[in-house]
Amino acid sequence: MNARPIHRNGSSQAGSPRFSRRDWLTRTGLGSAGALAVPWLLLSKTVRGAEEAAAGEPPPFQIAEVTTISQLNAYHGWPTLARRKSGELLLVYSGGREAHVCPFGRVELMRSRDDGATWSYPQVILDSPIDDRDAGVLETERGTILVTTFTSLAYEPILKRAEEAVGKENAWPVERLRRWQAAHERLDAAGRDAALDVWMTRSVDDGITWSQRQRCLVDSPHGPIQLRDGRLLYAGKELWKGQGRVGVCQSADDGLTWEWLAEIPARQGDDPAQYHELHAVETADGRLIVQIRNHNRQNAGETLQCESEDGGKTWSEPRAIGVWGLPSHLLRLRDGRILMTYGYRRAPFGCQARISEDSGRSWSGPILIYGDGAGPDLGYPSTVELGDGTLLTVWYELPAGSSLAVLRQARWRWA
C-alpha cells in the first residue's frame, strides 16, 4: 500500500484521473432516497436479449417462499450470507442507515440456527465515524469469522447541497440537517480522510467479540473465499489508497495479514477503473473464477469473467459471458456445479441466477428467483446451500412507497 495516494477528487498525484467507486456512488446520484434514475441501469432495448444468445436452458426449480427478514426501521443494504460448518447462518450488511448514501451506515450481523426460518436481533459489529457500506463474511477452516467492509464519504456533496439550500423552498427539515452535520463532525477533515479505507474485522470466539478493524488491500461486496490449499483469496479493487488496481490478494495466516498476489489484466479497449465489485470461486477441477461488475461502454451493465489455472498467479483477460446484471455472487455447490446470483435492475426488477455444469466455462439461461421489485434500488444477492440441498438467497430491496430498503430472502430448490 505504498503507492501514490488518491486525492478526494479521484485523481492521483502523478497521473490521469481515476474513476473510483466513491466517484461512481456520487456521480450516479445514489444519495437521494426513493426511486433512482441511473442511466446505466436502464440500457436501451437494443442490448436486451443479447445475454441469452448462447445460454443453455436453466434446470427446473421451485421458489418455496420469499420473505422480509430485516427487523429495524432503517435502510438496509448490500448483504452477504454465509453458512458455517455447524450449520449456523451468518448475515452481514450495512444497517442503521437513513438512505442509500448517508453518514450513518454501520456493519450489523444477524444469525439463524434454523436455516433462515428465524433470525436473531441485529448485533452491531463495526460502526466507524463515517459511512460503513458493503459487508462480506466468511468462516475460515479454523473457525475464524472474517467480516469485510469499506468506508465512504460519498454523502459529503449531498450534505453540502443541503446546507446550501437552508432557507430555500427545497430545504431539509432542521432536525435532519443537524443530524447529518452532527454525524459528519464526529471527525475533522483530516480524521475523515484517515478513516476512508477498506477494512476487515475478525472473531475467534463465534462472533462474541471482534478484533480492532484492520486495513485490507482490496474491497469487494462479498469478501474473500477459502481455497482448498488453505489460503484465503480476496478478489477486489483498491479503493481509496493504492493505485486503484483490480486483482487478487491472499492470506496464509487465517486473514491476519494479506499480500498482493496478481493484477487482473484489462480487456482490450477497457478502462480497468470501470471494473468494480469482484467475487471469486474455486471450481471442482481446481480453477479459479472471478466475475467483475463492468461499467465500460462495451458490455456495459454486464458481468465479465476471467480465470486462473495457476492458483491466482496469472489471470485471463476478462470476457463477456452473456449475462446482463450485477454484481454477482459465486457459490460452488456440493455436487460441483457453480451457481451465480446477481441483481437484475430492469424489469422484472429483482434477482436472478445462472448455473454452470462445466466449472464456469458456460452458463445456463436465467433463473428468476424474484422479479417483483419496485425499481432498481435492490440486489447484491448472495446464496448458501442448506443441509438438505435447499438454496437460500438474501438481497436488499427498496419497496414501493418507502424510503427505507429492507432485507429479503428466497428459499428455493431444484425441481
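Our subject is the structure that appears above.
Residues numbered from 1 in each chain as written. Predicted model: local features only at pLDDT ≥ 70, side-chain atom pairs only at ≥ 80, totals over all residues. Heavy atoms only, no water.

**A closer look at the overall build of the protein**
Within the protein one finds four helices and 25 strands. The proportion of buried residues among the 415 residues of the protein is 60%. Looking at the protein alone, contacts between residues at least 24 apart form 56% of all its contacts between residues at least 6 apart. Carbon and sulfur atoms make up 50% of the accessible area of the protein, which amounts to about 16,300 Å² in all. (Helix = DSSP H or I, 4+ residues; strand = E, 2+ residues; numbered from the N terminus. Buried < 20%, exposed > 50% of the residue type's maximum accessible area, 1.4 Å probe, protein only. Contact = heavy atoms within 4.5 Å. Areas by Shrake-Rupley, 256 points an atom, 1.4 Å probe, with all protein chains shown as cover.)

**Points about the state of the cysteines**
One pass over the structure, following the stated rule, counts zero disulfides. Just so you know, Cys216 is unpaired, no disulfide at all, and the nearest cysteine sulfur is the one on Cys249, 7.2 Å from it. A residue is classified by how much of its surface remains accessible, and Cys216, at 2% relative accessible area, is buried. (Disulfide = S-S within 2.5 Å.)

**What to know about the packing of aromatic side chains**
For the structure on display, the rule yields 13 aromatic pairs. Plain terms: the ring middles of Tyr155 and Trp180 are 6.3 Å apart, the flat faces sit at 80° to each other, and that makes the pair edge-to-face. On the criterion of sequence distance, the pair formed by Tyr155 in the loop between strand S8 (145-152) and helix H2 (156-164) and Trp180 in helix H3 (residues 174-184) is long-range, its members being 25 residues apart. With respect to burial, Tyr155 and Trp180 carry one shared label: buried. Considering the side-chain rings of Trp172 and Trp180, the 4.9 Å spacing of their centres and the 70° angle between planes classify their relative orientation as edge-to-face. Residue classification places Trp180 among the buried residues on the basis of a relative accessible area of 0%. A connected cluster of aromatic rings, assembled from ring pairs, spans Tyr75, Trp78, Tyr380 and Tyr396. Its guanidinium or amino end placed over the ring of Trp260, Arg245 lies 3.9 Å from that ring's centre, counting from NZ or CZ. (Phe/Tyr/Trp six-rings, centres within 6.5 Å; stacked < 30°, edge-to-face > 60°. Lys NZ or Arg CZ within 6 Å of the ring centre and 35° of its normal.)

**Observations regarding the pattern of salt bridges**
Counted under the stated rule, the structure contains 29 salt bridges. The partner of Glu309 in a salt bridge is Arg287, with the nearest N and O atoms 3.3 Å apart. Taken together, the residues Glu309 in the loop between strand S17 (302-308) and strand S18 (319-324) and Arg287 in the loop between strand S15 (275-282) and strand S16 (288-294) connect sequence positions 22 residues apart. Residues joined in a network through salt bridges with shared partners are Arg84, Lys85, Glu88, Arg111, Arg113, Glu139 and Asp206. (Salt bridge = Lys/Arg side-chain N within 4 Å of Asp/Glu carboxyl O.)

**Considering the packing of H2 against H3**
Each packed pair of helices is defined by two parameters, the angle between the axes and the distance between the axes. Packing of H2 against H3 brings their axes to within 11 Å, and their N-to-C directions diverge by 135°. In terms of their interaxial angle, H2 and H3 are classed as oblique. Helix-helix and strand crossings are classified by hand; for H2 and H3 the assignment is left-handed. Residue-level inspection shows Glu156, Ile158, Leu159, Ala162 and Glu163 of H2 in contact with H3, the latter providing Leu177, Trp180, Gln181 and His184. (Axes fitted to C-alpha atoms, helices over the stretch in contact; angles between N-to-C directions. Parallel < 35°, antiparallel > 145°, perpendicular 65-115°, else oblique. Left-handed = near helix turned anticlockwise from the far one by under 90°.)

**Overview of the environment of Ser120**
Following the sequence through the fold, Ser120 ends up in the loop between strand S4 (106-112) and strand S5 (123-126). Taking the C-alpha atoms as reference points, Ser120 and Ser70, 50 residues apart in sequence, are found 9.9 Å from one another. When residues no more than four places from it in sequence are discounted, the contact partners of Ser120 are Gln71, Met110 and Arg111.

**Examining the sheet that holds S15**
If you trace the four strands from one edge of the open sheet to the other, you get S15-S16-S17-S18, paired in antiparallel fashion. Only two strands of the sheet have a single partner each, and these edge strands are S15 and S18. Neighbour-to-neighbour, the strand axes of the sheet open up by a mean angle of 30°, direction not taken into account. Bridge count for S17 against S18 is three bridges, and the pairing is antiparallel. Residue pairing for S18: Leu304 is matched across the bridge by Ala320. (Pairing = 2+ DSSP bridges.)

**Observations regarding H2**
Every buried residue of H2 is accounted for by Glu156, Ile158, Leu159 and Ala162. Projected down its long axis, H2 shows its buried positions confined to an angular sector of 160°, all on one face. Exposed residues on H2 whose side chains face more than 90 degrees from its buried face are Lys160 and Arg161. (Arc of directions from axis to C-beta.)

**Regarding unusual backbone geometry**
Going from Leu326 to Pro327, the amide bond is cis rather than trans, its omega being -20°. Mapped onto the secondary structure, Pro327 falls in the loop between S18 and strand S19 (328-332). With an omega of -5°, the peptide bond running from Ala347 to Pro348 counts as cis. For Pro348, the position within the fold is in the loop between strand S20 (338-344) and strand S21 (350-356). If you check the backbone angles, Trp78 has positive phi at about 55° while not being a glycine.

**Structural notes on H3**
Residues Leu177, Trp180, Ala183 and His184 constitute the buried set of H3. Relative to the axis of H3, the buried residues are bounded by an arc of 130° and lie together on one face. In this structure, H3 carries Val174, Glu175 and Arg178 as exposed residues pointing more than 90 degrees from its buried face. Buried residues along H3 sit in contact with H2 and helix H4 (189-195).

**Digging into the nonpolar core**
The biggest cluster of nonpolar side chains holds 30 residues, and the ones touching the most others in it are Trp180 and Trp258. Only S8, H2, H3, strand S9 (198-203) and strand S12 (232-237) provide two or more residues apiece to this core. In this structure, Met110, Tyr380, Leu398 and Ala405 belong to the second largest nonpolar core, which totals 19 residues. (Core = buried A, V, L, I, M, F, W, Y, C linked by side-chain atoms within 4.5 Å.)

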